[in-house]
Structures are given as C-alpha cells and as structure tokens.
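# Structure assessment
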Amino acid sequence: MSSADIDWKTLGFDYIKTDLRYISHWKDGDWDEGQLTEDNKLHISEGSTALHYGQQCFEGLKAYRCKDGSINLFRPDQNAARMRRSCARLLMPAVSTEKFIDACKQVVRANEKFIPPYGTGGALYLRPFLIGVGDNIGVHSAPEFIFSVFATPVGAYFKGGMKPTNFIVSDYDRAAPNGTGAAKVGGNYAASLLPGLDAKNREFGDCIYLDPETHTKIEEVGSANFFAITEEGHFITPKSPSILPSITKYSLLELAKERLGLEVEEGDVFIDKLDGYKEAGACGTAAVITPIGGIQNGNDFHVFYSETEVGPVTKRLYEELVGIQYGDREAPAGWIVKVD
Ligand SMILES: Cc1ncc(COP(=O)(O)O)c(C=O)c1O
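By the naming in an unreviewed UniProt entry, the chain is Branched-chain-amino-acid aminotransferase, taken from Halotalea alkalilenta. Among the UniProt annotations of the chain, the heading Function (unreviewed entry) holds the following wording: "Acts on leucine, isoleucine and valine."

Moving on, we come to the pairing of strand 10 (residues 207-210). Where a strand is regular, its side chains alternate between the two sheet faces. Side chains of strand 10 alternate between two faces, with Cys207 and Tyr209 and Ile208 and Leu210 buried alike. Sheet analysis places strand 9 (residues 165-169) next to strand 10, joined by two bridges and oriented parallel. Bridge pairing in strand 10 links Val169 to Ile208. The pairing of strand 10 with strand 11 (residues 218-221) spans three bridges and is antiparallel.

Turning next to the site of the ligand. Within the structure, the ligand sits among Gly60, Glu220, Ser223, Ala224, Asn225, Leu244, Ser246, Ile247, Thr248, Lys249, Gly284 and Thr285. Ranked by residues supplied to the shell around the ligand, first place goes to helix 5 (residues 247-258) with three residues. The class makeup of the residues in the shell around the ligand is three nonpolar, seven polar and two charged.

As recorded in UniProt, the sites labelled "modified residue: N6-(pyridoxal phosphate)lysine" (unreviewed entry) are Lys184. Looking at where Lys184 falls in the secondary structure, it is placed in the loop between strand 9 and helix 4 (186-201). Leaving out residues up to four positions away in the same chain, Lys184 has contacts with Cys57, Phe58, Glu59, Arg82, Ser86 and Leu244.

What counts as what
- Residues numbered from 1 in each chain as written.
- Predicted model: local features only at pLDDT ≥ 70, side-chain atom pairs only at ≥ 80, totals over all residues.
- UniProt positions renumbered as here; feature names shortened; annotations may be inferred.
- Buried ≥ 20, exposed ≤ 12 C-beta atoms within 10 Å, placed from the backbone.
- Helix = DSSP H or I, 4+ residues; strand = E, 2+ residues; numbered from the N terminus.
- Pairing = 2+ DSSP bridges.
- Near = placed C-beta within 6 Å.
- Nonpolar A, V, L, I, M, F, W, Y, C, P; charged D, E, K, R; others polar.
- Contact = placed C-beta atoms within 7 Å.

Structure (structure tokens):
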C-alpha cells in the first residue's frame, strides 16, 4: 500500500507494510552495524529458539507528527531500558539505548510519509523486537540474535472522541508470581490470547487480570496497566512484580502529581473494594488512556464514573499526556526526542 492510499481518518491498528525497516545481527559476541532493508520477511533457521522456546522480546512506541511539522518520539530511552531488562530475563544480548534510538529514528525518517498528519490522532507505531535465531535444538540460549525495528501507521484509538469501555475479570492468569510478567516477552501475550477472545466474545473490551498469587487484586487490563482515582481524589495504580511496567503509567504518575497536584500511589487495588474509586482507566502506548466504564466480576457489575461519560480527572490526564506527545504542551525534561 502506498501512503497516498491511506485514509488517515479511518486508519485502525492493523499491519500496513511501510518502505524500510532496520535489521541488525548478533554473532560471536557482537552486534553488527545494522542497516535498513526493503525486505519485510525474515529468513531464519528452523531451529531458532524464538520459534520453539519463546526466546524473544519486543517493544512498542510511537512517532507523532507535531503542528509545526516536526516529529516526536515519546520517551524512547524508557523502551530501550525495558527491552534491556526483558533481554536479561531471557538470556539475550541487549542493544544499547543509543543503538535502539538510532534504529527507531532511521526507521521513522525512512518512512516519514507514513506518519499520520497532525490533527488526525494517528501516529507511526514502531515495533522493535529481538529474537533468538540460528541452528539449535536444545533448551538453551540461541547462538545468534536479530534486532529489528519496523513501523506501521496506526489511527486514533478513539474515533469521534474518548468513550468508556467495560472489562471483565478473567479466571486465567497472564503471568506467574515469579514468572515473566514484568518482561515484554511473547509468551505473556500467547497466554493472553484465549482470555482476551473470551472477553471480546462477551462484548467486553478485554479482560482484567488479577494478581496470580491471591486473585484478590487488579493487575492489568488486557495489554494495558490499570489506574484509578480514589474517593479522596488520589491517583492509584497497582504495584506488583508480575505487571508490565508501563511507560505511560509512570508518565501519568508524574503528570498526576506535578501537573494536576494529586497525591499518587502505587498500591493494592482490591477487586471487592471498587466502591472506593470514582474513576478508573487503562493506560498504554496503544490504549493511550481508555476510561473504564464498568468491571464485570462474576455476577457483580461495578460502574465507576459512568458507562457513557468520561470522568474529569481521566480527561485532564488524557489531555496532558496527548498534548505532550504531539508537542502541544511542554514536556518534562527528556521526555521528547525529536527525529530530525
Ligand atoms: C501487558 C501490557 N501492559 C501494559 C502495557 C503498557 O505499556 P506502555 O505504556 O509502555 O505501552 C503494555 C503495552 O506495551 C502491555 O503489553
């Protein structure tokens, strides 16, 4: 598809092949220089550990077109750091922050025409990934690795304005108490496909995962973190070693405190005490901020602010976050990296 054929207004979250992607190979202890390629297919050994043992990890971030035509990356250093932690957990060689950001910038520049125009609410989604490859059969770390970054344009998460979504508590766990929940590795997502489909088949946006140890506390909302506003007006988000540390969530913790003047806390959100919250939301690169209308837990359905209206604090957080990402509001130091 050429960028001229894209209808920016109806663009969703689907793979669209862009012109060039970055690829770098690791062998004998070192990463090569890396290069851009037109080829969107990988030719890898049938014995690759990524295929059999899930030795792979990935990231997701966006490039935003600003009003003045410049291009923003939002906190790419944090994605680089998280990928390094994922690599450490799965015994893979990491790439430096410098190499990670340089690869993202090269891919954005090479596919500039695919960045949705300012004002459409879309962005160029970047998918860095790192996989174990090379001839292998035993359960151990791969002899070779590939680090790659590709881009695909994605549309506004909310077409026609922000709307609350309902979610349902899953009986499944997405991660184990001392497992890989905090790493962005494919196995966590494979485990989430069935519970996610169950939720969607029942007309919910996605499922809510409880903590795998006691099943009493909220952990994640599908592929997003959870936050709520308490009756006293505090911003709270769950704290647990099996949650993926969301860059959006840590950004909201800071914005809620510094810009909205709220007390903020990482703590327990018990599923049977939802009456203590007046607003709730899901947050992440893809979900941005999705207001949560209600949560179905067994036979109970709990509505937070409203099933149709967005709460005032959620709205302010959304405006602050999105304003920073598109360059309309001043960003805290170091949050925006320009692609020039
Ligand atoms: C399981 C999960 N939780 C939370 C998030 C949100 O993280 P971030 O804000 O870094 O995109 C994501 C998306 O990356 C995710 O896949």
